[in-house]
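# Close look at the chain arrangement
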Amino acid sequence: MKVVTTIKELKRILSQDRAEGKTVGLVPTMGALHAGHASLVRRSVNENDVTVVSIFLNPTQFNDKSDLERYPRTLEADCALLNECGAQIAFAPSVEEVYPEPDTRHFSYPPTDTVMEGAFRPGHFNGVCQVVSKLFSYVEPDRAYFGEKDFQQIAVIRRMVDDLGFQLQVVPCPVVREADGLAMSSRNTLLTPEERAIAPHIYSTLTASRQYARTHTVEQTLQYVTEQINAVPGLRVEYYSIVDGRTLADINDWADSDDVVGCITVYCGQKPIRLIDHIHY
Ligand code: PAF
């Protein structure tokens, strides 16, 4: 596997691959790779001749600077994992390489980027669109792979792909979970053992709410999930929303959509660490 740090070198290698008729898969990441990322990379390796994995901790999508500062950085271990998964290129540019000038572009895809994470992390999806659009134009992939853990992010990126006319397929990949149900996330490594022990309540409550929802309204189910999780000392729900899986607009009645998704963000512990998850009803 080649580790490439400049856009020029990346484009040079890929134009050679394209001239040979090879297909290209892109897996955008911010590093601190885990088994969830590995599943995306393996899928891309199976479906494309060349897989590029970008490792770039994108500053423009962090509205909270302390979140950016403590985000884990594990480049050496990341490259070892990518090698094992069969990726051909790890693209690990510097911030100056990606943003030689401040990016002043503004992306707006309401309601996908204004609700939930969009409301609680102002500017977050604008930063995601800035970096992902740059990666798409450097790599020009046939397919781009994103984890469904960031459910809302996929909806925003799909809108951006349609808006900017990128000729690529967005491939959503299922959430990978720990044995106790906690969704895998780079942020999980920041949890203390005590925090790690309570974090699985998030998914177990979401799972239990499926049964509850059969005999209760949307509003009652929102309240049930919020109260059950807030009852666990150390966990605090930031929001729980039950939405249409395509538009991400809130629903009021179960019959309002045939693709109902519950999306949650929970603060865990003292620091606190922000954990997100979702469930299909
Ligand atoms: O999902 C992530 O890790 C990031 O938001 C992404 C897509 C790599 C953009 O920085």
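Right, let's walk through the structure included here. All of these numbers come straight from a predicted model, not from anything done at the bench. (Residues numbered from 1 in each chain as written. Predicted model: local features only at pLDDT ≥ 70, side-chain atom pairs only at ≥ 80, totals over all residues. Heavy atoms only, no water.)

Further remarks concern the site of the ligand. Every residue lining the ligand is accounted for by P28, T29, M30, N58, Q61, V131, V132, F146, D150 and Q153. Contact distances for the ligand include 2.6 Å between an oxygen atom and a side-chain N or O atom of Q61. Within the side chain of Q153, an N or O atom sits 2.7 Å from an oxygen atom of the ligand. In isolation the ligand exposes 290 Å². Once the protein is present, 89% of that is buried. Put simply, the parts of the chain that give the shell around the ligand at least two residues each are β2 (24-29) and α7 (124-139). For the shell around the ligand, the class distribution of residues is five nonpolar, four polar and one charged. (Near = heavy atom within 4 Å. Polar contact = N/O pair within 3.5 Å; in protein donor to acceptor, adjacent residues only side chain to side chain. Areas by Shrake-Rupley, 256 points an atom, 1.4 Å probe, with all protein chains shown as cover. Helix = DSSP H or I, 4+ residues; strand = E, 2+ residues; numbered from the N terminus. Nonpolar A, V, L, I, M, F, W, Y, C, P; charged D, E, K, R; others polar.)

With that settled, the discussion passes to helix α4 (residues 75-85). Considered for burial, the residues of α4 that qualify are D78, C79, L81, L82 and C85. An end-on view of α4 places all buried positions within 160° of arc, on one side of the element. Exposed residues lying more than 90 degrees from the buried face of α4 are E76, A77 and E84. Those residues of α4 hidden inside the fold are in contact with β1 (2-4), α2 (35-47), β3 (50-55) and β4 (89-91). Positioned one or two residues after α4, G86 has a phi angle of 90°, which is positive. (Buried < 20%, exposed > 50% of the residue type's maximum accessible area, 1.4 Å probe, protein only. Arc of directions from axis to C-beta. Contact = heavy atoms within 4.5 Å.)

Now for the environment of A197. With respect to the element layout, A197 can be found in helix α9 (residues 193-198). We classify A197 as exposed; its relative accessible area is 56%. With 20 residues separating them along the chain, A197 and T217 place their C-alpha atoms 31 Å apart.

What follows deals with the environment of G25. By the secondary structure assignment, G25 is in strand β2. The class of G25 is buried, set by a relative accessible area of 0%. The sequence separation of G25 and L40 amounts to 15 residues, and the corresponding C-alpha distance is 10 Å. Beyond its immediate sequence surroundings of up to four residues, G25 is in contact with S44, N48, V50, T51, V52, R143 and Y145.

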